[in-house]
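Architecture at a glance
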Amino acid sequence: MNSVMIGQYIPIDSWLHRLDPRSKCIFVFCMLILIFFANNVETYTLLLLVGLMGVALSRISVLLFLRSMKLIIWMILFTTLFHLIFTQSGSIVLQTPILTIYEEGVRQAAIISVRFILLMIFASLLMFTTSPIDLTDGLESLLSPLRRWRFPAHEFAMMMSIALRFIPTLWAETDKIIKAQKARGADFESGNVYRRVKAYIPVLIPLMISSFRRAEDLATAMEARGYAGGVGRTKLRVLSIRRADILLLVCFAIVATALFWMRK
Amino acid sequence: MEISFQDITYTYSIGTPFEHRALQAIQVQFNQGDYVAVIGKTGSGKSTLVQLLAGLLLPTSGVLQVWDTRIHSRSKKLGEYRKKVGVVFQYPEHQLFEETVAKDIGFGPKNLGCDVAEIEHRVSEAMSWVGLSPDLRDRSPFELSGGQMRRVAIAGVLAMRPDILILDEPTAGLDFRGQRDLLSILKRFHQHFGCTVVHVTHNMNEAAELAEQIVLMSDGKVIATGRPVDIFRNLPNLQVSGLDVPDVTKWIMSLNQKLSTPISTEIYELSTLVDELIHRGRRGS
Amino acid sequence: MKHIKSLIELSGVWFDYHPDRQMKEQWALQDINLTIQSGEYVVVMGPNGSGKSTFARLLNGLLIPTEGEVRVGDFSTSNGLGRFHIRRKVGMVFQNPDNQIVATTVRDDVAFGLENLGIPREEMIPRIERALEVVGLVGFENREPAHLSGGQKQRLAIAGVLAMNPEIIVFDESTSMLDPQGREEVRELMKELHQQGQTVIHITHSAQEAFLAERVIVIAHHRLQLDYPSRDLYNQSNLLEQWGLEVPLPIRVRALLKNQGVELNEPIGNSDEMVAQIWRYLSKT
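From a predicted model like this one, the values you see are computed outputs, not experimental measurements.

Thresholds, definitions, all that
Residues numbered from 1 in each chain as written. Chains lettered and ligands numbered in written order. Predicted model: local features only at pLDDT ≥ 70, side-chain atom pairs only at ≥ 80, totals over all residues. Heavy atoms only, no water. Helix = DSSP H or I, 4+ residues; strand = E, 2+ residues; numbered from the N terminus. Expected span 1.5 Å × (residues − 1). Buried < 20%, exposed > 50% of the residue type's maximum accessible area, 1.4 Å probe, protein only. Contact = heavy atoms within 4.5 Å. UniProt positions renumbered as here; feature names shortened; annotations may be inferred. Pairing = 2+ DSSP bridges. Core = buried A, V, L, I, M, F, W, Y, C linked by side-chain atoms within 4.5 Å. Domains from an automatic or database assignment. Buried area = accessible area lost by both parts, 1.4 Å probe. Salt bridge = Lys/Arg side-chain N within 4 Å of Asp/Glu carboxyl O. Polar contact = N/O pair within 3.5 Å; in protein donor to acceptor, adjacent residues only side chain to side chain. Nonpolar A, V, L, I, M, F, W, Y, C, P; charged D, E, K, R; others polar. 1 Å grid on protein atoms, 1.4 Å probe; cavity = no way out; pocket = protein on both sides within 12 Å on 5 of 7 lines; lining within 4 Å. Points joined across faces, edges and corners; volume = space filled by probe spheres on them. Patch = residues over 30% accessible without salt bridge, like charges linked within 9 Å, V, L, I, M, F, W, Y side chains within 5 Å. Areas by Shrake-Rupley, 256 points an atom, 1.4 Å probe, with all protein chains shown as cover.

Residues and elements named next belong to chain C. Compared with the 18 Å implied by 1.5 Å per residue over 13 residues, the 18 Å span of helix α5 (residues 150-162) between its first and last C-alpha is a close match. Of the positions making up α5, those classed as buried are Gly151, Gln152, Lys153, Gln154, Arg155, Leu156, Ala157, Ile158, Ala159, Gly160, Val161 and Leu162. Elements that come into contact with the buried residues of α5 comprise β6 (90-93), α3 (106-117), α4 (121-135), β7 (168-172) and α6 (180-195).

Okay, structure coming up:
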């Protein structure tokens, strides 16, 4: 059950929760780009501070953010190791008979790790504080100008919203099928990679079959409720930009200016 | 007492906003070879209880003692233990995956390490137990009707010849004849192999008809345990748990409101009830 | 004589999913003729695989008869314009509570149908509120469907249909995947809707549920077998056994008594009348 938590919306009330999803999406998207412009200790510290402020404003337990870091810990370890071993420039920091570590390697490893952590903080902020339905509404609205070039913004948003709606259902189903096959003696824990992948076939096939069945049922139910695409539809939800949203974008402008001033 | 839950607690998603205590201080024992029914409303903890028994979840605290195996919060390598326990989950037909009926039923025995001849033997035997015709062996399970798919899935568990057979709402979604057929299969299988059966249900008729011991659960706790008559006699306990008496009992109770000497509510078989009525009719009551 | 126009009319309806590949005597539905008046509470009963779900889908044009015609009010399901109007008149609640909820919150899901109809937002809001009030889900507006019980999910599906103001609601085995509590919730709601003048059509294999309606239609072996007021069917419900359907307990008791030479012949329409009859039998001496 625990892995469900990663990236899941936490339904509490906070300043961040109440923002318009569009401004949050734009803010997070721009922050993610900004990360790649940081290039010294000052700029990374600035971004980390902004991230931590976001965490504080979200009123969500720091533990949950740490938990979402578990997802990328292996990526961080892997790239760190990669850089420590293969980057060979700058002065030598440590020399052992099997491995020589250079200053540049340590620097690169640190930069990559910090970037991953920043990415994860901002992405989690968006996912934790924005309900799936707000997120898809926001995306539909942001993408709708693309309709002029025949981009199916409504269909895209509908697909995404249905996918989000069914994630908990499919997760519960996966859990149940794994347990059922385990109870029939299936072994998911031992053997080499090939054997382990093969062990998941008894899970994947039933999961696919049930997903098709669900899709068919859902399509029938949608048809019975008069769904016929985006044309002629009205919407219950309306999005509105308020003062807080403008404040958020002003904050971003300040951070961006500061960053470009501080970077080397 | 070969199976005993000793002060077991189970909590889901510890340390998250979704933390939820599903079981609290569970103390209960099952006798080897008994047919045990676990009854309770949805969310009473009965599914969690049997998943612990199946070795699919580890208790948060407390010990589960099954013969010589002790299961606690840090138990490892339960693979061997799980081989002795068969579990039929709700809607088990949703776990089928093989190309043919025979292969799917043989999946469990194969995992147990049986050789080809033994697998073959067990598949045939399990198919005859659940009443599947041998010519279905090489058919794809996905071409069968819903009721037949359910039988294939159950045969797949019976073929493992478990010492403990766990069934979670095995009759859900079947029509009346499908339910009756399945219950009689389970009854015969239990009598023949003498395995311990743990049958989770919210159908009181099933519990009254099959069980030697009933465990009544509510709100993550065991409220009462005993023979069916002990459980169904205690109306307040049932009401607190949001459950009812079996249909026969309910009907006898409405008849008893009119009778000066009430008919025993410990009758669960219709034929016994009818004998009693005829006996009273002759005697004149 | 004044001609009463019926709300739903099936005349000479034959249907199959692959009519070109099947012999006509194996079609999924064969020669169905019946009419349903406005405000009726009808149960369509049949074993699994009898064609009763196919029947349900013919009523709102999800399926179109291979032969014959289905008319609802002034429209026929056989043409596109007719189906457009019929979908607005006939609401449908399906079997699997999980697979018919589209949106990620309760309020948005009720809105889904209204959005499809192009109802303006100001009108939507009171209609959603009213629908949630009828099904008793006020206060759940922002809940995610994953955090609802089975019964609540089905009530949500009903609210989604009610908000669209249909004349007829078809329940296609909507209780079969629920626990007893959820089942009770949905049955209560059906009764309430019927009392408010809705036309309710309930597809089920449960005898218990069938006799809650005013009229019972039995579909078995792909054909319409019986069509009786439910009181009349109750008295001769041992007929149901031949199609694998459940016979109510009092009628089973009466049949067993008859086997032993005790004939109780007064017609009965429900369980209480059987209790009274037994009591008279026991006190005759």
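Here the narrative resumes.
Take the UniProt feature "transmembrane region" (unreviewed entry) in chain A next. All names here are of chain A. The sites that carry the UniProt feature "transmembrane region" (unreviewed entry) are, in the present numbering, residues 21-39, 72-94, 114-133, 153-172 and 244-262. End-to-end, the C-alpha atoms of residues 21-39 are 29 Å apart, and along that stretch the chain is 79% helix and 0% strand. From the first C-alpha to the last, residues 244-262 spans 27 Å; its make-up is 100% helix and 0% strand.

Turning next to the pairing of strand β9 (residues 213-218) of chain B. Residues and elements named next belong to chain B. Of all six residues that make up β9, six are buried, and the element is covered over most of its length. Here β9 shows two buried faces, one formed by Gln213, Val215 and Met217 and the other by Ile214, Leu216 and Ser218. The sheet contact formed by strand β3 (residues 35-39) and β9 spans four bridges and is parallel. Among the inter-strand pairings, Ile39 is bridged to a residue of β9, identified as Leu216. The hairpin formed by β9 and strand β10 (residues 221-226) contains two residues between the paired strands, and Asp219 there has a positive phi angle of roughly 55°.

This paragraph deals with the nonpolar core. By size, the foremost hydrophobic cluster in this structure holds 74 residues, and its most contacted members are Trp251, Leu273 and Leu277 of chain B together with Ile158, Val253, Leu257 and Ile278 of chain C. Residue contributions to this core reach at least three from each of two domains, namely domain 1 (6-247) and domain 2 (248-285) of chain C. Judged by nonpolar contacts, the second largest core, of 36 residues, contains Cys25, Val28, Leu34 and Ile35 of chain A.

Partitioning chain A into structural domains gives domain 1 (1-130 + 234-264) and domain 2 (154-233). Taken over C-alpha atoms, the centre of domain 1 of chain A sits 31 Å from the centre of domain 2 of chain A.

Residue-level contacts link 29 residues of chain A with 37 residues of chain C. The contact between chain A and chain C buries some 2,900 Å² in all, and 53% of this surface belongs to carbon and sulfur atoms. For the pair chain A and chain C, the interface holds four salt bridges. The partner of Glu115 of chain C in a salt bridge is Arg233 of chain A, and the shortest N-O contact between them spans 3.1 Å. Applying the counting criterion to the chain A and chain C interface returns 15 residue pairs in polar contact (both at pLDDT 80 or more). Looking at the side of chain A that touches chain C residue by residue, the classes come out as 15 nonpolar, six polar and eight charged.

Inspection of the entire model under this criterion finds six cavities of 30 Å³ or more. Lining the largest cavity are 16 residues, and of these Ile133, Met158, Ser161 and Lys235 of chain A together with Glu115 of chain C sit closest to its centre. For the lining of the largest cavity, the elements supplying multiple residues, two or more each, are α7 (132-143) and α8 (153-183) of chain A together with α3 of chain C. When the residues that make up the lining of the largest cavity are grouped by side-chain class, the tally is six nonpolar, three polar and seven charged. Among the secondary structure elements, those contributing two or more residues to the lining of the second largest cavity are α2 (80-89) and β6 of chain C. In terms of residues, the lining of the second largest cavity owes the most to one element, β6 of chain C, which gives three residues. Of the residues belonging to the lining of the second largest cavity, the class tally is six nonpolar, one polar and three charged.

Turning to the interface of chain B and chain C, a few remarks are in order. Counting residues at the interface gives 29 residues for chain B, matched by 33 residues for chain C. Between chain B and chain C, roughly 2,700 Å² of surface is buried when both sides are summed, and carbon and sulfur atoms account for 65% of that area. Our count for the chain B to chain C interface comes out at zero salt bridges. Seen at the junction of chain B and chain C, the total is eight residue pairs in polar contact (both at pLDDT 80 or more). For the side of chain B that touches chain C, the secondary-structure elements that each account for two or more residues are α6 (176-193), α10 (247-256) and α11 (270-283) of chain B. Tallying contributions element by element places α11 of chain B first for the side of chain B that touches chain C, with 10 residues. Of the residues contributing to the side of chain B that touches chain C, the split by class is 13 nonpolar, eight polar and eight charged.

Residues and elements named next belong to chain B. Although it is not a glycine, Asp7 sits at a positive phi angle of roughly 55°. Considering the arrangement of structural elements, one finds Asp7 in strand β1 (residues 3-12). The class of Asp7 is partly exposed, set by a relative accessible area of 42%. With a phi angle near 45°, Arg161 is a residue other than glycine that sits in the positive phi range.

Residue and element names in this part refer to chain A. Side chains of Phe78, Leu81, Phe82, Ile85 and Phe86 sit close together on the surface and give an oily, nonpolar patch of about 550 Å² of accessible area. Looking at the element boundaries, Phe82 is found in helix α5 (residues 73-86). Among the residues examined, Phe82 registers a relative accessible area of 42% and is labelled partly exposed.

Per the counting criterion, the structure on display carries 42 salt bridges over all chains. A salt bridge links Arg161 of chain B to Glu125 of chain B; the nearest nitrogen and oxygen atoms lie 3.1 Å apart. Residue Arg161 of chain B is found in the loop between α5 (146-158) and β7 (164-168), and its partner Glu125 of chain B is found in helix α4 (residues 116-129); the two are separated by 36 residues along the sequence. What makes Arg161 of chain B partly exposed here is its relative accessible area of 29%. You can call Glu125 of chain B partly exposed: its relative accessible area is 23%. Residue Glu188 of chain C pairs with Lys191 of chain C through a salt bridge whose shortest N-O separation is 4.0 Å. A residue pair is termed a helical-turn pair when its members lie 3 or 4 positions apart in one helix, as Glu188 of chain C and Lys191 of chain C do in helix α6 at three residues. Judged by its relative accessible area of 37%, Glu188 of chain C is partly exposed. Judged by relative accessible area, which is 39%, Lys191 of chain C ranks as partly exposed.

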